[in-house]
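Each chain is listed here by its residues.
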There are 2 protein chains.
Amino acid sequence: MSKYVFFAPNPTSIGFLNEEESFHAFRVLRLRNGDAIRILDGVGGLYEAVIDSIDSKKTSFVKLQLIEKQDKPAYQIHLYVAPTKQMERMEWMVEKCCEFGIHTIGFFVSKNSERKEMKLNRLEKIAIAALKQSKNLFLPKIQTLAPLKQVMDSIQIGSKDQALFAHISDPPFPTLGKQIELNKSYHLFIGPEGDFSGEETNMFFGKNYIPFSLGKAILRTETACIATTHAIHLAHE
Amino acid sequence: MSKYVFFAPNPTSIGFLNEEESFHAFRVLRLRNGDAIRILDGVGGLYEAVIDSIDSKKTSFVKLQLIEKQDKPAYQIHLYVAPTKQMERMEWMVEKCCEFGIHTIGFFVSKNSERKEMKLNRLEKIAIAALKQSKNLFLPKIQTLAPLKQVMDSIQIGSKDQALFAHISDPPFPTLGKQIELNKSYHLFIGPEGDFSGEETNMFFGKNYIPFSLGKAILRTETACIATTHAIHLAHE
């Protein structure tokens, strides 16, 4: 089996790699016509194929064969976070959450937000790289920064969902592991340094979101995201 | 209570901050004589004190008062890792593990190691910064890089200890959460990309180390360290 893994959405209908993947295949890995590659579609499929033509801008492939297909997992993790001032911290967060496996990473602006705009392009590349590295088959949807209320309004909470938010209080709320029901779609909100404002907290309570504690230590925002994602996976082990 | 937290080992016998902390206090925070500060001793103590004299090289303090004292925790995490090529990844690992709380971070050279030497100075600074940020009271011991066998020989496994190593196998070994006994001193080994060699694996089995799986996804070395540390804490929640 080829050790060269690429990402291509809808490989069954679009028989080529995009410019970035082509550049990597041609210039970095020096692949040529006839070389075998593997392709991730980001929605549970892993394929093998053979390069038919290649240059640094476009690579077409043939003989596409599905070699692994994962069903949608029994539980899904949708994480929403108030981005940190340093984008590097969000980049690490995306990489680590993708390694553990995650389905949505969204960003919101909150009262205490340190960052009110951001570009997703680099985060999407990091997510794809982490997918290839981790052998996970689902690429998360990375959602653009929007006001907290707008993000909350876009989420429908049904019987298969659980909506929670990290919140500091004294005495602390129970931790995530003590509150989640298994095999749900989890919608998890992580606030900025300085936590959610009183008004925001009331908005969560008003929509029956469950508050959870991140434990005794004060975690940085990106660490809280990683811990939350990891805790959901551990609970399902 | 002062919001300015500094690190000073043995503050009861040494009444001053070191050069680095003094520079930060004087130049960055612009603290002056008479200002109140908090001091972490890294072994469970949090103090308040008042600056008596300050410049960018040395700060002396008086009126030292213990305001919090944590006992040695019921469980301890000693993590040993084959360092990655990129030091940045080890720096993030140290920061995140210190946020969660950890007692030793050691480094070893293994057959598939990507890095055979490293400097600890910067890692120690990161650990101190993470301690201040997280409000944890124990500073981990950061141990210099040494051959795997030497590191293993330095560890005494008694009735209060559990020694484990991350190992990939097919079928996979049980995960950490399924194998640890609570309230022990855990000695945990995380191998390099490419895992431990056959000879190294035999060395672990020969000393009755317990192999554990990190789950389905292939985690990067630093992610494996973060996940392992976090999993131990979650098991004790």
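Bear in mind that the values here come from a model prediction, so they are computed numbers and not experimental data.

## Structural notes on the interface of chain A and chain B
Each side of the interface is counted separately: chain A has 25 residues, and chain B has 25 residues. In this assembly, chain A packs against chain B so that about 2,400 Å² is buried in total across both faces, 58% of it on carbon and sulfur atoms. For the pair chain A and chain B, the interface holds 6 salt bridges. As a salt-bridge pair, Glu95 of chain A and Arg89 of chain B come within 2.8 Å of each other at their nearest N and O atoms. Where chain A touches chain B, the interface holds 17 residue pairs in polar contact (both at pLDDT 80 or more). Residue assignment for the side of chain A that touches chain B shows that the elements contributing at least two residues are α2 (87–100), α3 (121–134) and α6 (221–235) of chain A. Of the residues that constitute the side of chain A that touches chain B, the class distribution is 9 nonpolar, 6 polar and 10 charged.

## Overview of the sheet that holds strand β11 (residues 210–212) of chain A
Residues and elements named next belong to chain A. Ordered in space as β8-β7-β6-β10-β9-β11, the 6 strands form an open sheet in which the pairing is parallel. Of all strands in the sheet, those bounded by a partner on one side alone are β8 (141–147) and β11. Going from strand to strand, the sheet's axes swing by 25° on average, the running direction of each strand aside. Bridge count between strand β6 (residues 76–81) and strand β10 (residues 185–190): 6 bridges; the pairing is parallel. Residue pairing in the sheet places Tyr80 in a bridge with Phe189 of β10. Running at roughly 165° to β6, α6 makes contact with β6, β10 and β11 of the sheet.

## Details of the pattern of salt bridges
Across all of its chains, the model carries 24 salt bridges over all chains by this definition. Arg89 of chain A is the partner of Glu222 of chain A in a salt bridge, and the nearest nitrogen-oxygen pair spans 2.4 Å. With Glu222 of chain A in helix α6 and Arg89 of chain A in helix α2, the pair connects residues that are 133 residues apart, well separated along the chain. On the accessibility criterion, Arg89 of chain A (11% relative accessible area) is buried. For Lys184 of chain B, the salt bridge goes to Glu181 of chain B, with nearest N and O atoms at 3.4 Å. For Lys184 of chain B, a relative accessible area of 16% gives the class buried.

## Digging into the domain arrangement of chain A
Residue and element names in this part refer to chain A. Splitting chain A by domain gives domain 1 (5–69) and domain 2 (76–235). Residue-level contacts link 12 residues of domain 1 with 8 residues of domain 2. Of the roughly 890 Å² buried between domain 1 and domain 2, counting both surfaces, carbon and sulfur atoms make up 68%. Three residues stand out in domain 1 for area buried against domain 2, namely Phe7, Leu40 and Gly42, and they jointly supply 46% of the buried area on that side. Taken together, the links from domain 1 to domain 2 amount to 2 salt bridges. Among the salt bridges present, the one from Glu21 reaches Lys132, with a minimum N-O distance of 2.9 Å. Counting across the domain 1 and domain 2 interface gives 4 residue pairs in polar contact (both at pLDDT 80 or more). With 3 residues, the single largest contributor to the side of domain 1 that touches domain 2 is strand β1 (residues 5–7).

About the criteria used
All residue numbers refer to positions counted from 1 along the written sequence of the respective chain. Note on labels: chains are lettered from A, ligands numbered from 1, in written order. Reporting of local features is limited, given that this is a predicted model, to residues whose pLDDT is at least 70; pairs of side-chain atoms are given and counted only at 80 or more, and all residues count toward the totals for whole chains, interfaces and linings. Excluded from the side-chain calculations are hydrogens and water; all other atoms, namely the structure's heavy atoms, are used. Throughout, a contact is declared for two residues whenever any of their heavy atoms are within 4.5 Å. The term buried area refers to how much accessible surface (probe radius 1.4 Å) is lost by two components on association, counted for both of them together. When a carboxyl oxygen of Asp or Glu lies within 4 Å of a side-chain nitrogen of Lys or Arg, that pair is called a salt bridge. Any N or O atom pair separated by 3.5 Å or less is treated as a polar contact, with the protein-specific requirement of one donor-capable and one acceptor-capable atom, and with residues adjacent in sequence counted only for side-chain atom pairs. By the criteria applied, helices consist of DSSP H or I runs no shorter than four residues and strands consist of E runs no shorter than two, each listed in order from the N terminus. Each residue is assigned to one class: nonpolar for Ala, Val, Leu, Ile, Met, Phe, Trp, Tyr, Cys and Pro, charged for Asp, Glu, Lys and Arg, and polar for all the others, Gly among them. Here, a strand pair is defined by DSSP locating no fewer than two bridges between the strands. Fitted lines through C-alpha atoms give the axes, limited to the stretch in contact for helices. The angle between two N-to-C directions lies from 0 to 180 degrees. Burial classes: relative accessible area under 20% of the type maximum marks a residue as buried, over 50% as exposed, and values in between as partly exposed (1.4 Å probe, protein chains only). Domains are outlined according to an automatic or database domain assignment.

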